[in-house]
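# Report on the structure
What follows is the residue order along each chain.
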Amino acid sequence: MTQSDSAGTAAAGEPLVVLDHVDKWFGDLHVLQDIELSIARGEVVVVIGPSGSGKSTLCRAINRLETIDKGSISLDGQPLPAEGKELAKLRAEVGMVFQSFNLFAHKTILENVTLGPMKVRGVKKADAEKRGMELLDRVGIAHQAQKYPAQLSGGQQQRVAIARALAMDPKVMLFDEPTSALDPEMIKEVLDVMVDLAKQGMTMVVVTHEMGFARTAADRVVFMADGAIVEENTPEEFFTNPQSDRAKDFLGKILKH
């Protein structure tokens, strides 16, 4: 699917995630300023910008790990519930991969991947394990299924975290700087898994500093600064012809290194 094709389907299909005039404050700090963003089914949106620009807060607001003060967020046509059972149900529809892998240290890799489907979705153990092994195979670590997280490298643990999120069959996957805690040689193995996911049509919102990933895997780049969306465009347009001074300044600093 080319960039223009995906833009066409975005216009035709109902958006999957919609943020409508979203505001959030931490005390006096206005961390999300009137955010308007809609993400189509199968679209890969990469959110970039300087540190402290509100990228992670935006990502975490989509599954209500961060509450919002104004505006609304909806997933698949349903507004985000505030709390309780409905919120738990919604969280099951949204896969989340963080900087830290957040795996259960005392459970095997396979147990980490099967726990959610069994507990939340009521999947039988045998079925959960079969699917878990398929997903571990997909992220290239099926042979590590019986090991514990501490026996794996950081890159392998992050791939387990991706498999664990996928095991819930989410409608959208959120990635909050998934490679920032990894050694350089492990970053590629995690990004490769994410590129494959993107190619297979998973709806993804990715907060990252990896500009190569933004260039190759994104359908759209969203550039944030000071809590606001300053600019959004196709990767080709954004990287070759940024419109705002903030984006030009940001790209000037990072692309020189």
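Predicted model only: the values in this text are computed from it and were never measured. (Residues numbered from 1 in each chain as written. Predicted model: local features only at pLDDT ≥ 70, side-chain atom pairs only at ≥ 80, totals over all residues. Heavy atoms only, no water.)

## Quick notes on the pattern of salt bridges
Quick note on the threshold: Should a side-chain nitrogen of Lys or Arg be within 4 Å of a carboxyl oxygen of Asp or Glu, the pair is scored as a salt bridge. In this text, helices come from DSSP runs of H or I with a minimum length of four residues, and strands from runs of E with a minimum of two, each type numbered from the N-terminal end. Buried means the residue's accessible area, taken with a 1.4 Å probe over protein chains only, is under 20% of the maximum for its type, while exposed means over 50%, and partly exposed covers the values in between.
Summed over the entire model, instances satisfying the criterion amount to 14 salt bridges. A salt bridge links Glu43 to Arg220; the shortest N-O distance between them is 2.9 Å. On the criterion of sequence distance, the pair formed by Glu43 in the loop between strand 2 (29-40) and strand 3 (44-48) and Arg220 in strand 9 (residues 220-225) is long-range, its members being 177 residues apart. A relative accessible area of 9% means that Glu43 is categorised as buried. Across the salt bridge formed by Glu189 and Arg159, the nearest N and O atoms sit 2.9 Å from each other.

## Section: the UniProt feature "domain: ABC transporter" (unreviewed entry) in the protein chain
Note the threshold: UniProt positions are given in the numbering used here, feature names are shortened, and annotations may be inferred rather than shown by experiment.
UniProt marks residues 17-251 with the feature "domain: ABC transporter" (unreviewed entry), using the numbering shown here. End C-alpha atoms of residues 17-251 are separated by 27 Å, and the span's content is 39% helix alongside 26% strand.

## Section: the pairing of strand 2
Our working definition: For two strands to be treated as a pair, DSSP must find no fewer than two bridges joining them.
Pairing between strand 1 (residues 15-26) and strand 2: eight bridges, direction antiparallel. Bridge pairing in strand 2 places Pro15 opposite Ala40. Here strand 1 hands over to strand 2 after two residues, with Gly27 in that stretch at a positive phi of 65 degrees.

## Side note on the nonpolar core
As a reminder of what qualifies: We define a nonpolar core as any set of buried Ala, Val, Leu, Ile, Met, Phe, Trp, Tyr and Cys residues linked to one another through side-chain atoms lying within 4.5 Å.
Counting 49 residues, the largest nonpolar core has Ile48, Ile162, Met173, Phe175, Met194 and Met204 as its most contacted members. Of all the elements, helix 7 (residues 184-199) adds the most residues to this core, at eight residues.

## Quick look at the layout of surface pockets
Selection rule: Lining residues are those with an atom within 4 Å of a point, where the points come from a 1 Å grid over the protein atoms alone and group into cavities, where a 1.4 Å probe fits but cannot get out, or pockets, open sets with protein on both sides within 12 Å along at least five of seven lines. Grid points are joined across faces, edges and corners, and a volume is the space filled by probe spheres set on the points.
For the largest pocket, the calculated volume is near 520 Å³. What lines the largest pocket is a set of 21 residues, among which Arg91, Val94, Met96, Arg164 and Met168 lie closest to the centre. Every element with two or more residues in the lining of the largest pocket is listed here: helix 3 (84-93), strand 6 (94-97), helix 4 (109-120) and helix 6 (154-166). A per-element tally of the lining of the largest pocket places helix 4 first, with seven residues.

## Things to note about the pairing of strand 7 (residues 172-176)
Where we set the bar: Looking down the strands as they point away from you, a crossover is right-handed if its path from the first strand over the helix to the second goes clockwise.
Of all the five residues making up strand 7, five are buried; the element is thus mostly covered by neighbouring parts of the structure. Both strand 6 and strand 7 contribute to a ladder of four bridges, which runs parallel. Directly across from Met96, in strand 7, lies its bridge partner Leu174. Note that strand 7 and strand 8 (residues 203-207) share five bridges and pair parallel. Its bridge partner being in strand 8, Phe175 is matched across the sheet by Val206. For the crossover from strand 7 across helix 7 to strand 8, the handedness is right-handed.

## Notes on the sheet that holds strand 2
Here we have four strands laid out as an open sheet, ordered 2-1-4-5, and antiparallel in their pairing. In the strand order of this sheet, the two ends are held by strand 2 and strand 5 (78-79), each with one partner.

## Quick word on the environment of Lys188
As a reminder of what qualifies: Throughout this description, a polar contact denotes any pair of N or O atoms lying within 3.5 Å of each other; where both atoms belong to protein, one of them has to be capable of donating a hydrogen while the other can accept it, and for residues adjacent in sequence the pair is counted only when both atoms sit in side chains.
For Lys188, the location among the structural elements is in helix 7. The spacing of Lys188 and Phe213 is 25 residues in sequence and 9.5 Å in space, taken between C-alpha atoms. Within the structure, Lys188 has its side chain in polar contact with the side chain of Asp192 (distance 2.7 Å).

## Structural notes on unusual backbone geometry
Phi at His21 takes a positive value of approximately 50 degrees, unusual for a residue other than glycine. Assignment of secondary structure puts His21 in strand 1. His21 sits in the partly exposed class, given a relative accessible area of 37%. Even without being glycine, Arg64 reaches a positive phi, approximately 60 degrees. Within the fold, Arg64 resides in the loop between helix 2 (55-61) and strand 4 (70-75).

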